[in-house]
Amino acid sequence: MSRGTRGGGAHEDGAHEDGTYGGGTYGGGVYEGGDRGASRNDAGSGTGNRTRSGTGNSARSGTGSGPADGAPRPHLSHRVPDLGALELLLAVARHGSLGAAAREVGITQPAASSRIRSMERQLGVALVDRSPRGSRLTDAGALVTDWARRIVEAAEAFDAGAQALRGRRDSRLRVAASMTIAEYLLPGWLIALRAERPDTAVSLQAGNSAAVAERLFAGDADVGFVEGLAVPDGLDGVVVAHDRLAVVAAPSHPWARRRAPLDPAELAATPLVLRERGSGTRQVLDAALAAHGGLARPLLELASTTAVKAAAVSGAGPAVLSELAITEELASRRLVAVPVEGVVLRRDLRAVWPTGHRPTGPARDLLSLTRDRPRER
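Residues numbered from 1 in each chain as written. Predicted model: local features only at pLDDT ≥ 70, side-chain atom pairs only at ≥ 80, totals over all residues. Heavy atoms only, no water.

Colleague: Could you clarify how one ought to interpret unusual backbone geometry in this entry?
Modeller: Excluding glycine, most residues fall at negative phi; most peptide bonds, likewise, are trans. We note that Arg333 has phi near 65°; this positive angle belongs to a residue other than glycine. Secondary-structure assignment places Arg333 in the loop between helix H12 (327-331) and strand E14 (336-338). (Helix = DSSP H or I, 4+ residues; strand = E, 2+ residues; numbered from the N terminus.)

Colleague: Looking at this structure, how should I read the pattern of salt bridges?
Modeller: Side chains bearing opposite charge may pair, as long as their charged atoms lie close to each other. By the definition in use, this model includes 18 salt bridges. The partner of Asp222 in a salt bridge is Arg174, with the nearest N and O atoms 3.0 Å apart. One end of the pair, Asp222, is in the loop between helix H8 (209-217) and strand E9 (223-226); the other, Arg174, is in strand E7 (residues 172-178), and 48 residues separate them in sequence. Residue classification places Arg174 among the buried residues on the basis of a relative accessible area of 19%. (Salt bridge = Lys/Arg side-chain N within 4 Å of Asp/Glu carboxyl O. Buried < 20%, exposed > 50% of the residue type's maximum accessible area, 1.4 Å probe, protein only.)

Colleague: Explanation requested: the packing of aromatic side chains in the structure shown.
Modeller: Aromatic ring pairs are reported here in terms of the distance separating the ring centres and the angle at which the planes meet. What the rule picks out here adds up to one aromatic pair. On the numbers, 5.5 Å between centres and 40° between planes, the contact of Trp189 with Phe225 is tilted. Here Phe225 lies in strand E9 and Trp189 lies in helix H7 (residues 186-196), a separation of 36 residues in the sequence. For Trp189, a relative accessible area of 6% puts it in the buried group. On the basis of relative accessible area, Phe225 is assigned to the buried category, the value being 0%. (Phe/Tyr/Trp six-rings, centres within 6.5 Å; stacked < 30°, edge-to-face > 60°.)

Colleague: In this structure, what is going on with a negative patch on the surface? I would like to understand it.
Modeller: A surface patch of like charges, here negative, comprises Glu87, Glu153, Glu156 and Asp159. Per-element tally for the negative patch: the top contributor is helix H5 (residues 139-170), with three residues. By secondary structure assignment, the location of Glu87 is in helix H2 (residues 83-95). A relative accessible area of 39% places Glu87 in the partly exposed class. (Patch = residues over 30% accessible without salt bridge, like charges linked within 9 Å, V, L, I, M, F, W, Y side chains within 5 Å. Areas by Shrake-Rupley, 256 points an atom, 1.4 Å probe, with all protein chains shown as cover. Lys, Arg positive; Asp, Glu negative; His and termini not counted. Charge placed at Lys NZ, Arg CZ, Asp CG, Glu CD.)

Colleague: Any chance you could explain a nonpolar patch on the surface here in plain terms?
Modeller: On the surface, Leu76, Val80, Leu83 and Ile151 cluster together to form a nonpolar patch covering roughly 320 Å² of accessible area. Its location among the elements puts Leu76 in helix H1 (residues 76-79).

Colleague: Even after reading the chapter, I still don't get the pairing of E7, so can you show me in this structure?
Modeller: Every other side chain in a regular strand lies on the same face of the sheet, so the side chains alternate between the two faces. Where burial is concerned, most of E7 is hidden: six out of the seven residues are buried. Across seven bridges, E7 lies against strand E8 (residues 201-207) in parallel orientation. By the bridge assignment for E8, Ala177 is matched with Ala206. (Pairing = 2+ DSSP bridges.)

Colleague: What is the right way to read the nonpolar core from this model?
Modeller: When a protein is soluble and globular, its nonpolar side chains tend to lie buried together. The biggest cluster of nonpolar side chains holds 21 residues, and the ones touching the most others in it are Ile181, Leu186, Trp189, Val223, Phe225 and Leu366. When residues of this core are traced back to their parent elements, those giving at least two are E7, helix H6 (179-184), H7, E9, strand E10 (235-249), strand E15 (346-354) and helix H13 (361-369). Residue contacts for Ile181: discarding those within four places in its chain leaves Leu186, Pro187, Trp189, Phe225, Val226, Glu227 and Leu349. In this structure, Ala85, Leu89, Val128 and Ala148 belong to the second largest nonpolar core, which totals 19 residues. (Core = buried A, V, L, I, M, F, W, Y, C linked by side-chain atoms within 4.5 Å. Contact = heavy atoms within 4.5 Å.)

Colleague: Got a minute to help me understand the side chain of Asp243 in this structure?
Modeller: In this fold, Asp243 is placed in strand E10. Reaching out from Asp243, the side chain makes a polar contact with the side chain of Ser322 at a distance of 2.7 Å. One polar contact links Asp243 to Arg347, side chain to side chain, over a distance of 2.8 Å. Residues in contact with Asp243, not counting those within four places in the same chain, are Thr180, Ser322, Glu323, Leu324, Leu345, Arg346, Arg347 and Leu349. (Polar contact = N/O pair within 3.5 Å; in protein donor to acceptor, adjacent residues only side chain to side chain.)

Colleague: Which parts of the structure should I look at to understand the side chain of Ser113?
Modeller: The topology assignment puts Ser113 in helix H4 (residues 109-123). According to the relative accessible area criterion, Ser113 is buried, its value standing at 13%. In contact with Ser113, not counting residues within four places along its chain, are Leu98 and Arg130.

Colleague: Sorry if this is basic, but what is going on with the confidence of the model for the chain here?
Modeller: Note: predicted coordinates in regions of low pLDDT should not be interpreted at a detailed level. In this model, the chain carries an average pLDDT of 80, and 77% of its residues clear a pLDDT of 70 or more. Every residue in residues 1-65 scores below 50 in pLDDT, and together they form 104 contacts with partners more than four places removed in sequence or on other chains. For the stretch residues 372-377, pLDDT sits under 50, and the model shows 18 contacts to residues farther than four places along the chain or on other chains. (pLDDT = per-residue confidence, 0-100.)

Colleague: I tried to follow the packing of H2 against H4 on my own but got confused; where do I start?
Modeller: To characterise two packed helices, one gives the angle between the axes of the helices and the distance between these axes. The contact between H2 and H4 brings their axes to 10 Å, and the two run at 110°. By the angle between their axes, H2 is roughly perpendicular relative to H4. Taking contact as the criterion, the partners of Gly84, Ala85, Leu86, Leu88 and Leu89 in H2 are, on H4, Ala112, Arg115, Ile116 and Met119. Its residues assigned to classes, the contact of H2 with H4 comprises seven nonpolar, one polar and one charged. (Axes fitted to C-alpha atoms, helices over the stretch in contact; angles between N-to-C directions. Parallel < 35°, antiparallel > 145°, perpendicular 65-115°, else oblique. Nonpolar A, V, L, I, M, F, W, Y, C, P; charged D, E, K, R; others polar.)

Colleague: I tried to follow helix H10 (residues 280-289) on my own but got confused; where do I start?
Modeller: Side chains of residues three or four places apart in an α-helix project in the same direction, reflecting 3.6 residues per turn. With seven of its ten residues buried, H10 lies for the most part within the structure. Of all the residues in H10, the buried ones are Gly280, Thr281, Arg282, Val284, Leu285, Ala288 and Leu289.

Here is the structure:
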């Protein structure tokens, strides 16, 4: 900042509204336009009257250093040196040597010299006097170093706060999953995650695919897993596994003894033990049989895979279940798989999350542990 004289003393004058500094009279003295400095008579009348006539007018001539009214100021990032440059300047102040400062921050001396020169051009003042005996801060450099120290300390506090937030995020993982995935796939994945992140507390909420989406939208889960035909609106996802649905019946049911495969029309017309609407299993079955008259009214409509399986084993009626859920029952002949032709009962199992918010921390690690390599939607 340039200063004018005031009878042997220094005086800083104010700026006009538009950031220009015009000339004019001030208490009997005269101050020159085009600079921030001003002079006034020590023995002036003290009236303090400032005329707006002549060159003292706050005309919008653009002669001053500030931006014209309405003109946008340059972004702060264009006017303030970056943290790396400020840390280098602080190192120069500590060591009195540009070479030693360069070694501390891990760059070469030519790179350090270039960074200091760039900072000097950016600020418009000389910061370091260089000589064969070393590098010494100028008066302006010492002042800038004091400011830089506060900025770096604030950045360190910011970094510590960010680390604390990451620590809080990494201390827990909230998973929402549809029933089949929750019961037959997630336990193995979570055991593997536990080996990698023993300090992360995991909570699992099981429900149908629609409920999983609702929990994600409400912010009650960090990542979800669904079994439907497609990724629900508002979510992004990746395929993590594949599954097939099987028609099963108790050994006492007539379908268990038939030799010819079921056709889609017969399957659609038969009352079945089914999962509720909104479940991934029901979505796939509804879509597969839509062209064959749609599903008949369910014999039973139950809210979990385990309940559907128990009803089928008891002989309540045939059911449609994930192959993942019936391995033991088929092996022990408590259930019999009924062949079906003319209809595809296959589905993709997906990890999902709100659009634009890809999982981080433990949720990201869990995705990497899923059985199949994820493929983008």
